[in-house]
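Next come the chains, spelled out residue by residue.
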Amino acid sequence: MPRSSERARAAEPRPAARVPSPRFERRRKRRLRVAIGALSLSVLLLAVTLASFVTMADAQSVRPPANAVTNSTPDATGMESVPGKITQPPARADLWRFVGGDRGPDEEGFTTTVSIPNKLSATLVQPFGEEWRLLRRGPLPEYGLIIPAAMILALAAFYLIRGRIRIEAGPSRNRIRRFGGFERFGHWLLAVSFVALALTGLNLLYGREYILPLIGHEAYSLTAWWGKWVHNNIAWAFMLGLVLIFVMWVGRNIPHRRDLVWLMKGGGLFSKHSHPDAGKFNAGQKLIFWSVILLGASLSLSGIALLFPFQTGLMGKTFAFFNDIGLSLSFIGIDVSQPVTALQEMQYQTIWHAAVALVMIAIIIAHIYIGTLGMEGAFDAMGSGDVDLNWAREHHNLWVDEVSARTSRRTPAE
Amino acid sequence: MGKAAFLCDAERCIECNACVTACKNEHEIPWGINRRRVVTINDGRPGEKSISVACMHCSDAPCMAVCPVDCFYKTADGIVLHSKDLCIGCGYCFYACPFGAPQYPQAGNFGSRGKMDKCTFCAGGPEENNSPAEFQKYGRNRIAEGKLPICAEMCSTKALLAGDADDVSSIFRERVVARGFGGDSWGWGTAYGNQNDS
Ligand code: SF4
Ligand code: SF4
């Protein structure tokens, strides 16, 4: 009974037998179809992810390309050249630039090999490490502080100006069911795992600077060790929660024309008596939903790439795709036409993972604010699952109409 | 000793892997971990060169800069060492290191790494010099015994030089002058910051 969770509690005592109207049946089937579609979509995404493990980053091959110079006359080594096969030897300076890490093997036909099993160790110098270090020590933690801090300031300003958004008509005595037990379970699974992941992740990015000096090396190392363990393991709960809320709510989060009106009126957040039309989820909530889904999916993918080092090639594939469609990333210093080495793959993933996480943290701070302190009556939706009827009428009028229409159809007049 | 440095003379290295073997034996390095490796350029083709690579004990060490738990330290000789008690196996030092020196035993679930292991310039770790605990975690501490790294000592052609940076570079300079070619001291500039030498 997928929709039974929305039965209005305020309604008259239930009749013994319920005969759903044909229209209700049709809608129920449609929702079911959407849910099944969503489920298969997520299974498909998962399959694509797993498949990408199998294909290692193409760029990590240290073999020369087919058109590389594979026979060259030596310089000053006294070997004779083979007539008909003569090609220009690579200049020595080029060789040293190459082994110094300035050029890729493909460019000059150089190869490097090792006789130990770890073929990745054939790279002599990886100059990108220095860029990675600068990013991690500079812009990443800096912007990482600015973005959530800006969000907190904005919310504080909003609170000072607008105050807590009250239920305009005052609390009613009636409540209406908004989220069933399973929906709340999905939400809290995602929420708790996200907070744990965010805290342990932030610890790794900022701990050395802000926590280590306070508690010392030993205690901080222990914290970071367990933080890493928690982060690696709770990640799966997060991914499960993400799939659950996607499947449960995607049908209700398809954008609609009225969302534009809602957004143009600022959701009524900035004026006391404005309550633009909204269904079960208003445009603001849809934005949160889609940001969580998209950012969360991206975090999951980069997280999986980091959990299984050197097994995925997503960044390289993404850059190759950008290159194909002619999208240049040169403005952030990335040349998408260059192959991505297996190591660069990991380096990009760590930066991307942290950057996306920091943006998501800022968004979730706003979500937590409006769901607790910022709006009277909002927390009940995810707390008990039953919300105040007046609150619901003000913020989700169309949804209330829908629920009461369904209930009255189900409940024959006395 | 002033600043500890490694230099591999690519004109001499014959890829015999004596340094790799000596290192493994001296420190009883487990399977799958290579503190030192030999990389061959253009293997099997005219002009082939080989270079023995390990941690170069960089002057401005990138690994030190990025370690989230700050477990690296530098000895008075400029040797970059780390504490395995503090290391959490995050792998960041490997992402920052230009030479691919840090190594990890795989430990734990998924692909998660164990405590990082790398070349110590045969100088052990934070434990008491040549104590069983130090040997077990970091290998032998030859520096404390007044000896230089075993890899360079065992090098069959004396391609690999280890010791004070000034000594190493003057030996190398003499060689280059004597033979009249092959003056590229690979990795030197990247590790020790003298860009003219690289
Ligand atoms: S070679 Fe790598 S591990 Fe060694 S000091 Fe330099 S950055 Fe650190
Ligand atoms: S793997 Fe260990 S030594 Fe390397 S950066 Fe992480 S905590 Fe530091």
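No experiment lies behind these values; they were computed from the predicted model shown.

Visitor: What is the right way to look at the pattern of salt bridges in this model?
Guide: Pairs may arise between side chains of opposite charge once their charged atoms sit close together. Considering all chains together, one arrives at 19 salt bridges over all chains under this definition. Note that E130 of chain A is salt-bridged to R133 of chain A, the shortest N-O span being 3.7 Å. Remark: R133 of chain A and E130 of chain A occur in helix α4 (residues 128-137); sequence separation between them is three residues, near one turn of the helix. E130 of chain A sits in the partly exposed class, given a relative accessible area of 36%. You can call R133 of chain A buried: its relative accessible area is 9%. The partner of D259 of chain A in a salt bridge is K286 of chain A, with the nearest N and O atoms 2.9 Å apart. Of this pair, D259 of chain A sits in helix α8 (residues 257-264) while K286 of chain A sits in helix α9 (residues 283-307), and the two are 27 residues apart along the sequence. Judged on exposure class, the residue D259 of chain A and its partner K286 of chain A are both buried. Each member of the salt-bridge network shares a partner with another, and the members are E26, R140, R142 and E153 of chain B.

Visitor: I tried to follow the interface of chain A and chain B on my own but got confused; where do I start?
Guide: Often, the extent of an interface is quoted as the loss of accessible area upon association of its parts. Between chain A and chain B, the contact holds 52 residues from the first and 49 residues from the second. Counting across the interface, chain A meets chain B through two salt bridges. Two residues, R208 of chain A and D70 of chain B, come together in a salt bridge whose shortest N-O distance is 3.2 Å. If you look at where chain A meets chain B, you find 19 residue pairs in polar contact (both at pLDDT 80 or more). Listed by contribution, the elements that provide at least two residues to the side of chain A that touches chain B are α2 (92-99), β1 (112-114), α4, α6 (181-210), α7 (212-249) and α11 (342-371) of chain A. The element that contributes the greatest number of residues to the side of chain A that touches chain B is α7 of chain A, accounting for 11 residues. Split into classes, the residues belonging to the side of chain A that touches chain B amount to 26 nonpolar, 18 polar and eight charged. In terms of strand pairing, β1 of chain A meets strand β2 (residues 37-41) of chain B through three bridges, oriented antiparallel. Within the sheet, the bridge partner assigned to V114 of chain A lies in β2 of chain B and is V39 of chain B.

Visitor: Honestly, the side chain of E183 of chain A in this entry has me stumped. Any pointers?
Guide: Its place among the elements puts E183 of chain A in helix α6. Polar contacts involving the side chain of E183 of chain A include one to the main-chain amide nitrogen of G180 of chain A, which spans 2.9 Å.

Visitor: Would you mind going over the site of ligand 2 with me for this structure?
Guide: Taken together, 14 residues surround ligand 2, and among them C67, C87, C90, G91 and C93 of chain B come closest. Split by residue class, the shell around ligand 2 holds 12 nonpolar, two polar and no charged.

Visitor: How do you make sense of empty space enclosed by the protein when you look at a structure like this?
Guide: The gaps of empty space that remain are located by a probe, the size of a water molecule, rolled over the atoms. Applying the stated rule across the entire model yields eight cavities of 30 Å³ or more. The space that makes up the largest cavity amounts to roughly 810 Å³. Residue lining of the largest cavity: 38 residues in total, with G201, H231, L306 and H353 of chain A together with Y92 of chain B positioned closest to the centre. Listing elements by their share of the lining of the largest cavity, those giving two or more residues are α6, α7, α9 and α11 of chain A together with α3 (92-96) of chain B.

Visitor: I would appreciate a short explanation of the sheet that holds β1 of chain A in the present structure.
Guide: Whether parallel or antiparallel, the strands of a sheet pair through hydrogen bonds between backbone atoms. Spatial strand order, β1(A)-β2(B)-β3(B): three strands in an open sheet with antiparallel pairing. The sheet is open, and its two borders are formed by β1 of chain A together with β3 (49-53) of chain B, each paired with just one other strand. Neighbour-to-neighbour, the strand axes of this sheet turn through a mean angle of 30 degrees, independent of strand direction.

Visitor: Can you help me understand the site of ligand 1 in this one?
Guide: Surrounding ligand 1, one finds 13 residues, the nearest of these being C55, M56, C58, C63 and C97 of chain B. Here the residues of the shell around ligand 1 sort into 11 nonpolar, one polar and one charged.

Conventions and cut-offs
Residues numbered from 1 in each chain as written. Chains lettered and ligands numbered in written order. Predicted model: local features only at pLDDT ≥ 70, side-chain atom pairs only at ≥ 80, totals over all residues. Heavy atoms only, no water. Salt bridge = Lys/Arg side-chain N within 4 Å of Asp/Glu carboxyl O. Helix = DSSP H or I, 4+ residues; strand = E, 2+ residues; numbered from the N terminus. Buried < 20%, exposed > 50% of the residue type's maximum accessible area, 1.4 Å probe, protein only. Contact = heavy atoms within 4.5 Å. Polar contact = N/O pair within 3.5 Å; in protein donor to acceptor, adjacent residues only side chain to side chain. Nonpolar A, V, L, I, M, F, W, Y, C, P; charged D, E, K, R; others polar. Pairing = 2+ DSSP bridges. Near = heavy atom within 4 Å. 1 Å grid on protein atoms, 1.4 Å probe; cavity = no way out; pocket = protein on both sides within 12 Å on 5 of 7 lines; lining within 4 Å. Points joined across faces, edges and corners; volume = space filled by probe spheres on them. Axes fitted to C-alpha atoms, helices over the stretch in contact; angles between N-to-C directions.

That is the geometry; function is a separate question.
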